[in-house]
Amino acid sequence: MMIAKRAREATPFIAMDVLERAQVLEHQGIDIIHLEVGEPDFDTPQCVKEAICQALDRGETHYTHSLGKLELREVICKHYFEKYGVKISPDQIVVTSGTSPAMLLTFAAILNRNDEAIISDPHYSCYPNFIRFLDGVTVTVPVYEEDGFQYRLEAIKSKITRKTKAIVINSPSNPTGNLLSEQVMRSIAELPQYIISDEIYHGLVYEGKEHSMLEFSENTFILNGFSKLYAMTGLRLGYLIAPKPFVRPIQILQQNLLISANSVSQMAGIAALEQAGPDVTRMQHIYNERRKFMVKRLRELGFGITVEPTGAFYVFANAKHLSKDSYKLAFDILEKAHVGVTPGIDFGSNGEGYLRFSYANSIDNIREGLNRIESYLRKRR
Ligand SMILES: Cc1ncc(COP(=O)(O)O)c(C=O)c1O
């Protein structure tokens, strides 16, 4: 059996490998604390669930417009205007079944064979696989702990070639939980390349304020979705906002490859944007408590956190004093301490030596997980 190169070359999402090994251990009756997953532990807001039931009762179980329901696209425009003061029109939006398809369509619309896309290192682990799948080339720009993992403009410029089509930003970031400063965003906006701004963690910001790249540049593709902020991962709903000339070609790709986003989830998305404000505030508050607790405890345990993360639900902690091999370390912690953590190498070679801890888990579980790691570290000495 010959498996196609495209499928053979994809690299595993290690966070999922950790989770799957954890599930094997759980099957053997072992209690595991999950700090590896990038998924909200909260229940989906009640108003969202009700909107789904109502949509089902009305029989809204059919294909929708390939760009997405107009009402949802209008609500997204309103959201971008109220939150960032930017004016976009519904015909710039393509609603997709999650942010991941929005990412696929965006890269597909920008990259020709061997075109380059710049991403930070560390970065969301799936970006290079999307780029490679589309025969593009990933160019990484290392970002460093002492800079709060912010891009340095000069470092981006030094990697730009004739082939560079896009620069990807992700603020707040997975895996670092840090935000890009307004100043860095403004200077990236001045570069002639397209900017792909993955804004999926917007709203999950505990200090300072996040900016949309649309505030600074129209040469921008926005990727966003409902998975994280509204605890709707399984409902698979996201969208992209594109410069107008790109919308029709992207729409045609969506029509052919994906047809439309899930109809019921689109109604859920409208409810989320219009009604879930109080739920979001409650979740933000709880995440923030957990964030402070986790940062404090990890520092007590000797992990390095130079710049406190202020967004998403991750802490990217320096564990180089324990091991240079984060993959081995993460699996050792799983096997011996029964705590799931994600190795930094999952996010690029510059993430080696780090561990990503997710605080999308209850404070009791975080406390227990970190206590177990404390005992594990004591035994290692
Ligand atoms: C930075 C980033 N972008 C996109 C996604 C994909 O999200 P979705 O569930 O909307 O496909 C994730 C999920 O972890 C993410 O962390």
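Structure: above.
Just so it is clear, the structure is predicted and the values come from calculations on it, not from any experiment.

Visitor: Just to check I follow, could you spell out the overall build of the chain for this structure?
Guide: The helix and strand tally for the chain stands at 13 helices and 12 strands. For the chain, whose C-alpha radius of gyration is 21 Å, the value lies close to the compact-globule estimate of 21 Å for 381 residues. Dimensions of the chain, computed from C-alpha atoms along their principal axes, come out at roughly 60 × 55 × 55 Å. Out of the 381 residues belonging to the chain, those deemed buried represent 59%. Taking all contacts inside the chain whose residues are at least 6 apart in sequence as the whole, residues at least 24 apart take part in 74%. Counting only carbon and sulfur atoms, one obtains 51% of the accessible surface of the chain, whose full area is about 16,500 Å². For the chain, the separation between the mean place of its 43 positive charges and that of its 45 negative charges on side chains is 4 Å.

Visitor: Explanation requested: the site of the ligand in the structure shown.
Guide: Taken together, the neighbourhood of the ligand is formed by 14 residues, with Thr99, Ser100, Asp198, Ser227 and Lys228 sitting nearest. Note that an oxygen atom of the ligand is positioned 2.9 Å from one of the side-chain N or O atoms of Asn174. Here the ligand has 400 Å² of accessible area as a free molecule, and 92% of this is covered by the chains. Considering each element in turn, the shell around the ligand owes the most residues, three residues, to helix H5 (residues 99-110). Residues belonging to the shell around the ligand are distributed by class as follows: five nonpolar, six polar and three charged.

Visitor: Could you clarify how one ought to interpret the side chain of Asn178 in this entry?
Guide: Its place among the elements puts Asn178 in the loop between strand S5 (164-170) and helix H8 (182-189). From its side chain, Asn178 meets the backbone oxygen of Gly148 in a polar contact 2.9 Å long. The contacts of Asn178, once residues within four sequence positions are left out, are Gly148, Phe149, Ser171, Pro172, Ser173, Val307, Glu308, Pro309 and Thr310.

Visitor: For this particular structure, what's the right way to read the side chain of Arg291?
Guide: Secondary-structure assignment places Arg291 in helix H11 (residues 277-300). A polar contact of 2.9 Å, which involves the side chain of Arg291, links it to the side chain of Glu207. Beyond its immediate chain neighbours, meaning those up to four positions away, Arg291 contacts Tyr206, Glu207, Glu308, Pro309, Thr310 and Tyr359.

Visitor: Any chance you could explain the nonpolar core here in plain terms?
Guide: One broad rule of soluble globular proteins: the nonpolar side chains tend to lie buried together. Core analysis: the largest hydrophobic core is formed by 92 residues, its most contacted members being Tyr80, Tyr151, Ile188, Phe303, Phe357 and Ile373. Ranked by residue count, the leading element in this core is H11, at seven residues. Setting aside residues up to four positions removed in sequence, Tyr151 forms contacts with Ile118, Ile119, Ser120, Val141, Val143, Ile156, Ile167, Val168, Ile169, Leu180, Val184 and Ile188.

Visitor: Would you explain the pattern of salt bridges in this entry?
Guide: Two side chains carrying opposite charge are able to pair once their charged atoms lie near each other. If you walk through the whole model with that rule in mind, you get 24 salt bridges. One salt bridge connects Lys49 with Asp43, and the closest N-O pair in it is separated by 2.7 Å. One salt-bridge network, in which partners are shared between bridges, spans Lys296, Arg297, Glu300, Glu374 and Arg378.

Visitor: Quick question: what am I supposed to make of the sheet that holds strand S9 (residues 314-318) here?
Guide: In a beta sheet, neighbouring strands pair by backbone hydrogen bonds and run either parallel or antiparallel. Spatial ordering of the open sheet is given by S9-S12-S11, a layout of three strands whose pairing is antiparallel. Only two strands of the sheet have a single partner each, and these edge strands are S9 and strand S11 (342-343). Helix-sheet contacts for H11 involve S9 and strand S12 (354-358), and the interaxial angle to S9 is about 10 degrees.

Visitor: Please clarify how the pairing of S12 should be interpreted in this entry.
Guide: For a regular strand, side-chain orientation follows a simple rule: the groups alternate between the two sheet faces. Burial analysis of S12 places five of its five residues in the buried class, which makes it a mostly covered element. Going residue by residue along S12, you find Tyr354, Arg356 and Ser358 tucked away on one face and Leu355 and Phe357 tucked away on the opposite face as well. Pairing geometry for S9 and S12, over five bridges, is antiparallel. Each bridged residue has a counterpart across the sheet, and for Phe316 the counterpart in S12 is Arg356. Here S11 runs beside S12; their pairing, made up of two bridges, is antiparallel. Note that in S12 the partner of Thr342 across the bridge is Arg356.

Reading guide: rules and limits
- Residues numbered from 1 in each chain as written.
- Predicted model: local features only at pLDDT ≥ 70, side-chain atom pairs only at ≥ 80, totals over all residues.
- Heavy atoms only, no water.
- Helix = DSSP H or I, 4+ residues; strand = E, 2+ residues; numbered from the N terminus.
- Rg over C-alpha atoms; globule rule 2.2 N^0.38 Å.
- Buried < 20%, exposed > 50% of the residue type's maximum accessible area, 1.4 Å probe, protein only.
- Contact = heavy atoms within 4.5 Å.
- Areas by Shrake-Rupley, 256 points an atom, 1.4 Å probe, with all protein chains shown as cover.
- Lys, Arg positive; Asp, Glu negative; His and termini not counted.
- Charge placed at Lys NZ, Arg CZ, Asp CG, Glu CD.
- Near = heavy atom within 4 Å.
- Polar contact = N/O pair within 3.5 Å; in protein donor to acceptor, adjacent residues only side chain to side chain.
- Nonpolar A, V, L, I, M, F, W, Y, C, P; charged D, E, K, R; others polar.
- Core = buried A, V, L, I, M, F, W, Y, C linked by side-chain atoms within 4.5 Å.
- Salt bridge = Lys/Arg side-chain N within 4 Å of Asp/Glu carboxyl O.
- Pairing = 2+ DSSP bridges.
- Axes fitted to C-alpha atoms, helices over the stretch in contact; angles between N-to-C directions.

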